[in-house]
Amino acid sequence: AKILAKISKGVLSVDLLQKMVKLSKTHDIVNPHLPMAHFGFVLPFIDTNKLVTQYHCDLNLGCGALTRLIQQISYWSMGRTLHKSAKIVVTTKDYFSSSRFAKYAGRVFGIYPPIDHNRFVQRDSTEMRAKLEIDMNTKLIGFVGRVVAEKGLEYLLRAIPLLESRLDNFMVLIAGEHTKVAGGSVRQDIGALIEKYPDRVKLVGHLKFDDLVTFYSLIDVLILPSVDPLEAFGMVQVEAMLCGTPVIASDMPGVREVIRKTGFGRLVNKRDPKDIADKIVELL
């Protein structure tokens, strides 16, 4: 579908709406994915008995009068879509029950993200450790993901001085794109913290799939210190666990599901460097 304009974190596409209405006539299921906000505007032209909606996460476009207006229009459209949906699919019921649309919980089915267990397996990470020039005695605290505000990396970095008095030898390894990032990189914002601890932090950058699996096997613990409801699950948790690595994650709706179900890690208060440090020491 042709994009008419980009607005904040989303796009405007009249072409998409026209195609959606046309295709709905010849298909059994119409499957909107929210928080994309288009769908509420074409509901009068679609058989809503065919509507099976996927609700991924809440919307957070940031500050400003225009973004707040766009957000309100989006929520109106999303609310109409969910109200008319025959069924609603969510990643976890825990997350949806905490959203503004919890009143539709009676039509909700929780389906975890599909992750191929055969691809994420524990691997020998000796070569990667040597390439990164890290000795065998160093404990490795890893992060995997986009370097964006909702991931809460700042609070992991602020835990470093609290760890220095309790761990003899450790490093924080950050794997993920940190320049051109959807949602806006915070590399500049956390730059001062990275530069403050040059011997404790290493930016690994974007990893290809094989290297990512090796990275999960390399680190001693994965940290997911998310702070925003844009984080609705955190698939990296499952990927790390399948490679034998325990996880520390924020105690947030949806995000906490993986550790609650498996027991393979610890939950921490969001935006709490001390709790992060305490749980890292406890888990190691």
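This structure is a prediction, so every number in the text was calculated from the model and none was measured.

**Student:** Would you explain the overall build of the protein in this entry?
**Tutor:** Across its full length, the protein carries 11 helices and 12 strands. Whereas a compact globule of 284 residues would reach a radius of gyration of roughly 19 Å, the protein reaches 21 Å, a difference of no more than 12%. Seen through its C-alpha atoms, the protein measures out along the principal axes to roughly 65 × 40 × 30 Å. A buried classification covers 50% of the 284 residues belonging to the protein. Restricting the contact set of the protein to residue pairs at least 6 apart, pairs at least 24 apart contribute 63%. Within the structure as shown, the protein displays about 14600 Å² of accessible surface, and the carbon and sulfur contribution to it stands at 53%. Placing the 38 positive and 30 negative side-chain charges of the protein at their respective mean positions leaves the two points 10 Å apart.

**Student:** Looking at this structure, how should I read helix 8 (residues 209-218)?
**Tutor:** Because an α-helix completes one turn every 3.6 residues, residues spaced three or four positions apart along the sequence face the same direction. Within helix 8, 7 of the 10 residues are buried, which leaves the element mostly enclosed by the surrounding structure. All of the buried residues in helix 8 are Leu 212, Val 213, Thr 214, Phe 215, Tyr 216, Ser 217 and Leu 218.

**Student:** Can you help me understand the nonpolar core in this one?
**Tutor:** One finds Val 144, Leu 173, Phe 215, Tyr 216 and Leu 222 to be the most contacted residues of the largest nonpolar core, which totals 31 residues. Secondary-structure elements contributing two or more residues to this core are strand 7 (139-144), strand 8 (170-175), helix 8, strand 10 (221-224), helix 9 (235-242), strand 11 (247-250) and helix 10 (257-262). No other element matches helix 8, which puts 5 residues into this core. In contact with Leu 222, other than residues within four places in its own chain, are Gly 142, Phe 143, Val 144, Tyr 216, Val 236, Gln 237, Ala 240, Thr 245, Pro 246, Val 247 and Ile 248. Membership of the second largest hydrophobic core comes to 27 residues, among which are Leu 157, Leu 163, Leu 167 and Tyr 197.

**Student:** So what exactly am I meant to see when it comes to the packing of aromatic side chains here?
**Tutor:** The description of an aromatic ring pair uses the distance of the two centres, along with the angle that the planes make with each other. Under the definition given, this model contains 7 aromatic pairs. Note on Tyr 55 and Phe 96: the rings are 5.5 Å apart at their centroids and 85° apart in plane angle, and the pair reads as edge-to-face. Of this pair, Tyr 55 sits in strand 4 (residues 52-55) while Phe 96 sits in helix 3 (residues 93-96), and the two are 41 residues apart along the sequence. Accessibility classification places Tyr 55 together with Phe 96 in one group, the buried group. Counting every residue linked through ring pairs, the aromatic cluster contains Tyr 55, Tyr 75, Phe 96 and Phe 101. Against the face of Phe 209 rests Arg 119, its NZ or CZ located 4.0 Å from the ring centre.

Cut-off values and rules
- Residues numbered from 1 in each chain as written.
- Predicted model: local features only at pLDDT ≥ 70, side-chain atom pairs only at ≥ 80, totals over all residues.
- Heavy atoms only, no water.
- Helix = DSSP H or I, 4+ residues; strand = E, 2+ residues; numbered from the N terminus.
- Rg over C-alpha atoms; globule rule 2.2 N^0.38 Å.
- Buried < 20%, exposed > 50% of the residue type's maximum accessible area, 1.4 Å probe, protein only.
- Contact = heavy atoms within 4.5 Å.
- Areas by Shrake-Rupley, 256 points an atom, 1.4 Å probe, with all protein chains shown as cover.
- Lys, Arg positive; Asp, Glu negative; His and termini not counted.
- Charge placed at Lys NZ, Arg CZ, Asp CG, Glu CD.
- Core = buried A, V, L, I, M, F, W, Y, C linked by side-chain atoms within 4.5 Å.
- Phe/Tyr/Trp six-rings, centres within 6.5 Å; stacked < 30°, edge-to-face > 60°.
- Lys NZ or Arg CZ within 6 Å of the ring centre and 35° of its normal.

Geometry only, nothing functional implied.
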